[in-house]
Every structure is written in structure tokens, then in C-alpha cells.
Amino acid sequence: MNPFRKITVAALALLVQAFAADAQSTGCASDIKNDSLILHDPVYSRSYFYMEQAINQAMSLDPADRTDEVYVIPVVVHVIHEGEPIGTGSNISDAQIFSAIEALNEDFRKMPGTPGFGDGVDVGIEFCLAQRDPDGNATTGIVRVDGSAVANYADMGIEAASSIGADEAAVKGLSTWPREEYMNIWVVNEIEDNNAQSGVQGYAYFPVNSPLDGIVVLHNAFGTVGNLKSYTNMNRTLTHEMGHSFALYHTFHNTSACSEANCTLNGDKVCDTPVTIIAGDCSSPACSGTQQVENYLDYTAESCKNMFTDGQKVRMRTTLETERASLINSLGCQPVSALDVGISGIISPDGTSCDNLIAPQVTMTNYGSNTVTSATIQYNINGVGSNTYSWSGSLASGLSVNINLPAITGSTGTHTFYAWTTNPNGQSDQYAANDMKTAGFGIASGSNATFNIELDFFGSENTWEIEDANGTVVASGGPYVNNQQGLDISQSICIPGGCYTFTISDSYGDGQGFITGNYNMTDANGTMLFSGSGNWGLNDVHSFCLDEPEAPANAPDASFSIGDNYLCTNGNTSFTDISTNTPTSWQWTFEGGSPSTSSSQNPQNIAFANAGTYDVTLIATNASGSDTYVCQNCITVSAGPTVTLTPTAPACNNASTGSINASVTGNGPYSYQWSNGATTQNLNNVASGSYTLTVTDNNGCNKQVSTSLSNPTAISISQTITHVSCNGLTNGSISASATGGAGGYTWSW
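Residues numbered from 1 in each chain as written. Predicted model: local features only at pLDDT ≥ 70, side-chain atom pairs only at ≥ 80, totals over all residues. Heavy atoms only, no water.

Caption draft 1: Region of the structure containing the sheet that holds strand β35 (residues 642-648). With antiparallel pairing, 3 strands are arranged side by side in an open sheet as β35-β36-β38. Every other strand in the sheet has two partners, leaving β35 and β38 (683-686) as the edge strands with one partner each. On average, each strand axis in the sheet is tilted by 15 degrees relative to the strand beside it, whichever way the strands run. Two elements, strand β36 (residues 658-665) and β38, share 3 bridges in a ladder whose sense is antiparallel. Residue pairing in the sheet places G658 in a bridge with V686 of β38. (Pairing = 2+ DSSP bridges. Helix = DSSP H or I, 4+ residues; strand = E, 2+ residues; numbered from the N terminus. Axes fitted to C-alpha atoms, helices over the stretch in contact; angles between N-to-C directions.)

Right, here's the structure in full:
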């Protein structure tokens, strides 16, 4: 009999006993909610016991083997008010909400100098108010909804462990964001008609695939500033309930005495929290003083709470890494920028292949608010070199596209594939943190095969391995993810020709029978080797054989074609391999090019900065040998025409008598384009101003030069007059002087 089933039955029996006892608690309804789901919801029950198994495995690890990565989780606060103005009554202020998230982080991160710096541990989980909504738009992470339209809400608030109050689903249905991407927190007016006073202050669910999943808190028990009660003004209700959402029980859960038989199965299932009964006096700890009154999951006053234990930390982090793993990869905390694209997934390479030739396929996502019409994708193996692909299309905000990249070659061994984006719409990416993705893969010698699996609801229960005739494991896979029934996953395999045993296992013992899944394996020709589906029990075993691939009969005959072999300086071109006899690797050398080498089959965008003629060399290789082809002087790079402008300014102010003569040398004939629209080599009869000439030679290379024609100042005449001294005399005179113009004046009276 499967021992996991034994644990399940035993634990369910204990929960039946615990349900009635916990129903008497008044501060928090979480245990009641979750115990009821375990008893009545088979999917939730199965997920819960899988989670418990994962937690027990994590508890058994050496602390040095546990990850210390700090996880940042996006939260959205839904304020379900009664129509009051913001900052009044249940429609709490933004400042009160900000204080709640700040205090929550102080408690979970044990921040020095804050009330959260107690005797416990730093959990390594932080929370942010969401910065982007499910549609990719900017948000504050705060949603306000008038809940008074829901029956009984204005008078009694939301229901919890009883049927008193408004229907929980109806209230939460007013505003819910996807639980896979956000932690939903509903701030409410009342719970179970308690007038927002004593009684239930909040409740939360252990991970459950339901729109109800999340946290409920009274408005006056949320935050550290604002509309708060004197005994709930330290935000410890939210800290307490967040612990529940990561599968923490009350420290006194299912405990009626100060002892327990098995700390991993009884009580709160955490061995470093002392056994205790329910008690709320900070100064008089129960169980002969051993009650940990400082624990956030106890029912003591907020003023004495300041800690999580290491065992609680492991339980919470394991729950996050398994049942709430999608929150870790959520984009909710990522700010929204206008231009922001990134590689969100690597489809290929993946697994282990027998082929040196790698045909990468990646997924690019537009995280920004603007539609992206172009981007550059760069990629390489093991962080060495850079292959560039220019993408163009139309990718609206929030959408993704799968892109096939030009093939590259790798060597036998284990590698990491890197891919990243730059230059969306020809501009700088405004949020570079999401640009890159990496994926591990391997290249080996042998025969190719592909394992395909369509998951059932509990993919985490499935693992598989392939053993050779000596019992050596040559390939393996799984476990997979839960809650993704119908998800298709393929894994490439490369193993030597021969006969093998394939074994797929299910830790629960019902194969893929919980909403049916299936699997199969195909060889390099697509021929089905074996398959299975449905409830195949604990294990399903198949024997199969693969033929050793035949080596090519002859070495390659290297050859290639060139996209454009005549370039202008700083131009680029592409190369296409047309070698025969099926080469499996390529080594290119580009004299004068950038990059100067490549291992791609068909290198793209090789740039040449300087004028000259250059050689290109290709070495094509397969299992039978190599061949080298050198194309001498096959790339010609032209510097473009040389242009000299000789300007002659207009002779008079505001006249159109200027001219510009262009002297051009290079590879004619040439075409001319002046900034004033003229297409002649020279300009005549033009006014003063700035002029630009673009000259294009016979190869399509161009040169742009500019000059200006000055405008002579207008002629200004001044006169000195001496009048005739007496009537009839001729001793008068006029003396004239001139400035401006071009000089060299002539006079006419």
C-alpha cells in the first residue's frame, strides 16, 4: 500500500477531530476554512497533502542546501467599502494601505530598528503593491469598490466561518485579480456582523485553486496609521493571515494539552514552535511558561508578537516554491514602461540533442505600453560571442510572439543558451531587467528521441528515467507542475544506439488518472516507441531500442552564397551555407568583418566598417571530415564618393545671384539631391542660406556635405553737405561715403 495514502487517511481523521475545536476560536477563521476544504474538496485535499510532503522533504534538507533568494510577491488591495469618501470609515486612505505593506515587510524580513526586529528569523519574502495590472497597465495596486450592492454587506460585512454576513464569493467577485499572479487582499467593513470590533479580525486560505483564495482583513485592523483600533494598530493581523496563506497553522492548532506525539504531524506541524494551548496573555505564557507568546501565529496581543521561527520560514518558503510558485515569476511588481520588450521564454534548445546544429526558438514579450514594430535579438552559447537577429512586425502591449532564430552550432557537452533583446523600435529599452533569458541544454553523440507528456492535474507526482542494460540512468525528467492539466511538454533526448528500459512513476499511485494525462516517446523519424495514459498506477515500464545513426559517407564540399558582396562603409551582409554532404558544424572567418568569426550555419548581419576588398573563409565539417573554402576578394567595401563644395555668395543683399559648385570623384555616374529640391550637380542663382548636397555613386554609396552662402549687408550711404555761401556763387559741395555691399563702389550722380 502506498505509504502516502496511509498518511492522508490518518491526517484526515485528525482534522475531523480538530474542526470542532477550532470552530470556537474568535480572532481568525483560517483554520476552520482550510480544515473544511480538506475534508470536503478532493482536489484541495490532494494538493494539501502534496504540499505537506514537499514541506517535510524541505525540512529534512541541510540548511546549507536551502535557497536564500529573497522573493518579492505582488499584492493587490481591494478596499470593499460602503460608499464613504476615501479616508473615511471602511474606505481607508492610501497612506493606511502603504503602512500595512511597509509593516508586513518589516515583520517578514525582520528589519532592524522596526517592531518586526524580534527573536525570530528573516523569512526572505517581501511584498510590493502591484505596479502593473493583469492587462499590463500601470496601477497603484489599490482597487476601491462600493460593496453595498451585495446583499447584507452594508449591515453585516462578509461571512467567514459561519453563514452570517454577505456571501463571500459575491463580495470577492466585485474585484479579484488572477491568483497565479497576485496575492489578493480584501479589506472589508465587517466580518460576521461584528461591527468591525472584536471577533474575527481576518482570515486566509492555504493555497487553493479558487477565486476565493487570498486574505480578508477588517479595515480597522489593517496598517499602522489611519482608522485603527487600539489593539489592532500594529498590522499583526495581516502578518498573521499572510502566514496562513503560506500554509502556517496557529501555534495551538489541534492542541488540547501541552504535549504532542509527533511534531511533524500534530499541532502546527512545525517542530521549533513550542507546544501550546490557546492562550492570550503575553505576561503569563501557557504550558508552564513555554508558550511562544511572541509568535505571529499565536493569539496573543499584537504588542508582544515579533517573530517567525526557522521551521515556519521553511514551511512558508516551501509552500511558495511549490503551491504558489507562479507568484515568484509574476510581473506584478515590475513597473510599466513605454518601450520594454524581453525574452520571456526559450523553447529551443532544451534537453539533450545529438545534433551540433542548434535551431533556437524563443518567445519575445512586449511588457511596455507602446506597440513594438522592431527589435534586435542577440544570442549565444555560454556567454561567448554574439549572434544578431533583426525582428520586425507588430507586437501590441502584453502580447508575445515565438521567433525562430538563425541556426548556430555547439560542441559536445553541457551548455547554457543566452538570448536577450535590445533596441525596441530603434530606441533604448526602458527596463532592461527582463531582457534576458537563459536555458540549459546538452549536446551528445548517439540517437535522437523525444519524450512527450501531457500533464494531468498533479504533474508534480510524475517522474521518469531511462536505464541502459547495465542499470545506469542515461536520461530523466520531472517532477512537473500542478494545476496545469492538459499542458504539453516535450524533452529532447540523445543516447547511444542500443536497448533501454523506460520507467515512469507516480508518487501518489494513480498514474495520470486525476483528469487524464498521457505520455509517449518517438525516435528521430517520428516513429512511436511506446505510450501510456490514464491510471497506470505507481509505475509504468517499457522496453525500447534505438539504432545507432549512420555517419555521412563523405566529408562536406564547402560552399556558400553572399547576400550582397558590394557594400558601402559600415554596411552589412549575410551568408548562406550551400555546402553538400550534410555538414554538422561550421566555422566562418570574415576578414575585415564584425564579428570576425561565427559558428552559425547562416551568419547574418556581418558588418564591414572600412573600405577595401576582403576574403571570407568557411570550414564545413561532419563525422567524415572537413573541407575549407576561401572566397578571395569576395567582399568589396566602397568608401563612397568624395565631394568638395565651392560656394559663391550673392553679390547684393537679398539677391539670388549666389552659386555652389560641386566637385565629385569616385565611382560615377552620380545622382545629386540638394536640400532645396534641386537635382543638378551645381547650384546657380540661389539666395543666401544653408545648403546640403547628397551625392550617390554608381554602387549606391552616398556622401552628404553642407555649406552656407552669406547674405551681403545692404549698401548704406552717408553725405556731408557744404552749402553755397552767397547767392550766385558755386562754392557748395557734397561729400558721399558708402558702407556695406561687396565693396568696389561706382558712383553715378
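There is more to say after this.
Caption draft 2: Highlighting the pattern of salt bridges. Under the defined criterion, the tally for this structure stands at 9 salt bridges. A salt bridge links K33 to E168; its shortest N-O distance comes to 2.8 Å. Placement of K33 in helix α2 (residues 30-40) and of E168 in helix α6 (residues 168-172) is noted, with a sequence separation of 135 residues between them. A single burial state applies to K33 and to E168, both of which are buried. Here the residues in one salt-bridge network are K33, E168 and K172, joined through shared partners. (Salt bridge = Lys/Arg side-chain N within 4 Å of Asp/Glu carboxyl O. Buried < 20%, exposed > 50% of the residue type's maximum accessible area, 1.4 Å probe, protein only.)

Caption draft 3: Looking closely at the side chain of S99. With respect to the helices, strands and loops of the structure, S99 is situated in helix α4 (residues 94-108). Assessed through its relative accessible area of 7%, S99 is described here as buried. With sequence-adjacent residues up to four places away left out, S99 is seen in contact with G223, T224 and V225. (Contact = heavy atoms within 4.5 Å.)

Caption draft 4: Expanded view of the layout of surface pockets. Computed from the structure, the largest pocket encloses a volume of approximately 1,300 Å³. N329, S330, L331, S344 and K437 are, among the 34 residues lining the largest pocket, the residues nearest its centre. Of all the elements in the fold, those that place two or more residues in the lining of the largest pocket are β1 (71-81), α10 (325-328), β7 (341-348), β10 (361-366) and β16 (436-443). Residue composition of the lining of the largest pocket, grouped by class: 15 nonpolar, 12 polar and 7 charged. What the second largest pocket holds in volume is close to 760 Å³. For the second largest pocket, the lining is made up of 27 residues, of which C354, D355, G446, P549 and E550 are closest to its centre. Among the secondary structure elements, those contributing two or more residues to the lining of the second largest pocket are β17 (447-454) and β24 (539-546). Residues of the lining of the second largest pocket, tallied by class, amount to 12 nonpolar, 10 polar and 5 charged. (1 Å grid on protein atoms, 1.4 Å probe; cavity = no way out; pocket = protein on both sides within 12 Å on 5 of 7 lines; lining within 4 Å. Points joined across faces, edges and corners; volume = space filled by probe spheres on them. Nonpolar A, V, L, I, M, F, W, Y, C, P; charged D, E, K, R; others polar.)

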